[in-house]
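Chain by chain, the residues run as shown.
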Amino acid sequence: MTHPTTAASVPFDTRPLTQRVDRAAVRAFSKELRASGRTQNEVTASIVGFGVVLVFLAGMMLIGAVTSRSSFLVELSEMAPFFVVLSVAALFGVVVTFFSQMRAATRRYRLDRFARANGMSYTPQRANPSLPGMIFNTGSRRQSFDLVRGDEPRAVEFANYVYTTGSGKHRSTHRWGYVAVKLDTPLPHIVLDATGNNSLFGSNLPTLYTKQQRLSLEGDFDRHFALYCPEGYERDALYLFTPDVMARFIDNAAELDVEIVDDWLLMYTKRNASTTDPATWEWLFGAVAAVLDKLDQWERWRDERMLQAASGDGHAAFSAATGSRTAGSLPFTPPAGLLRPPPGVAPEGRRLTTRFPWLLTGLCVVAVAVPWLLDLFSAG
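Residues numbered from 1 in each chain as written. Predicted model: local features only at pLDDT ≥ 70, side-chain atom pairs only at ≥ 80, totals over all residues. Heavy atoms only, no water.

So, on to the overall build of the chain. When helices and strands are counted, the chain shows 13 helices and nine strands. By the burial criterion, 41% of the 380 residues in the chain qualify as buried. Taking contacts inside the chain between residues at least 6 apart in sequence as the whole, the part at least 24 apart equals 70%. For the chain, the computed accessible surface area is about 20,600 Å², with 59% contributed by carbon and sulfur atoms. (Helix = DSSP H or I, 4+ residues; strand = E, 2+ residues; numbered from the N terminus. Buried < 20%, exposed > 50% of the residue type's maximum accessible area, 1.4 Å probe, protein only. Contact = heavy atoms within 4.5 Å. Areas by Shrake-Rupley, 256 points an atom, 1.4 Å probe, with all protein chains shown as cover.)

What follows is the structure, given as structure tokens:
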């Protein structure tokens, strides 16, 4: 697997990810996780599950043998090969589950030691993570796992995420890796859809946005990202994405989809973000470091619409005092004595307007309808 290179150099210790581990220490760590309720013993659950199935099938067959007209012993002898095959299959399932759990336990142990070595913390899993991004408000059975979290210089969370959509034979499982960076102030809803990870049918994001909200930026930025911002917030997006900020995203996050929503900066990837691969951590740490020192500039931003909502004549007072005739929102710090918008985003800037994926839906309908029609005509 290849990884984009990063321009930023972030010192951190990756040795716990690759060095040999003490099996006794891994078992002790796994026992600690189970005792605290943070993980479950899937091997024991598998053994119990297979045992229940075996007992149920055996009971059904014995009942059938007893109630049939043929000899009971003959029935038992005929069922013996079936029970042997079923028992071997059950044993194979338990062995596969055991080794799979051992690998998972080793991964958790490595990630926990990696987090500790770099001043962070590790959590094996969390159901329904309370993040506002687009991937966290879709589907069901939402689960984050292998969460590595740091609190300095600000809260940052690296994790993997899975959720399901549909039901029955149409159920699909979606897997993402993400990085969540906590901001000190809410910002307008802005999405950077990376063009480098799109599929043949366009964006790989679970949510699509109307074209009227697409903002074209200068330089090569449009070649790497499609930027969406709420209508009326174009000036704000230009303030947030200055040429130096755009260059940092191109150099360090061109393979990541980015979402700014409420007071979170979220980066998404279709591969695992929390992994035992040092190259992945170098890539993601570099992407985070590239934007962290620009967040102070972002957090000075204020939405003038909040001032208008709080005071009908607030904008007029500011315009009269400064001679400003501009409307909308501006990144400004009024002189002492004048009203300044409070932190926050007006309702019209809090969420982008979404659109329905008509093209993809149409292709899916055609893919289902064509074989059905061919079968219908051939049968006729």
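And the narrative resumes.
For the rest of this paragraph, the subject is the packing of aromatic side chains. Within the structure shown, the criterion is met by 20 aromatic pairs. Each ring, one from Tyr 161 and one from Tyr 163, has its centre 5.8 Å from the other, and the planes form 40 degrees; the classification is tilted. There is no split in this pair, since Tyr 161 and Tyr 163 are both buried. Put simply, the rings of Phe 136, Tyr 161, Tyr 163, Trp 176, Tyr 178 and Tyr 268 pair up and form one aromatic cluster. Directly above the aromatic system of Phe 29 lies the positively charged group of Arg 113, at a separation of 5.4 Å from the ring centroid. Between the NZ or CZ atom of Arg 305 and the centre of the ring of Tyr 233, over which it lies, the distance is 3.9 Å. (Phe/Tyr/Trp six-rings, centres within 6.5 Å; stacked < 30°, edge-to-face > 60°. Lys NZ or Arg CZ within 6 Å of the ring centre and 35° of its normal.)

A word on the nonpolar core. Core analysis: the largest hydrophobic core is formed by 56 residues, its most contacted members being Ile 190, Leu 192, Leu 227, Phe 241, Phe 249, Leu 265 and Trp 298. Sort the elements by how many residues they give to this core and helix α8 (residues 278-292) lands first, with eight residues. Not counting chain neighbours up to four residues away, the residues in contact with Phe 249 comprise Leu 192, Phe 221, Phe 225, Phe 241, Ala 254, Val 258, Val 291 and Trp 298. (Core = buried A, V, L, I, M, F, W, Y, C linked by side-chain atoms within 4.5 Å.)

As a further point, take the side chain of Ser 30. Relative to the elements of secondary structure, Ser 30 occurs in helix α2 (residues 23-35). Under the relative-accessibility criterion, Ser 30 is labelled buried at 12%. Not counting residues within four places of it along the chain, the set of residues in contact with Ser 30 comprises Thr 39 and Ala 105.

The side chains of a regular strand alternate, first on one face of the sheet and then on the other. Burial along strand β7 (residues 225-228) is two-sided: the face carrying Phe 225 and Leu 227 and the face carrying Ala 226 and Tyr 228 are both buried. Across four bridges, the pairing between strand β4 (residues 172-194) and β7 is antiparallel. Within β7, the residue paired with Leu 192 across the bridge is Leu 227. The pairing of strand β6 (residues 214-215) with β7 spans two bridges and is classified as antiparallel. What sits directly across from Leu 215, in β7, is Leu 227. (Pairing = 2+ DSSP bridges.)

Purely spatial values, then, with no claim about function.
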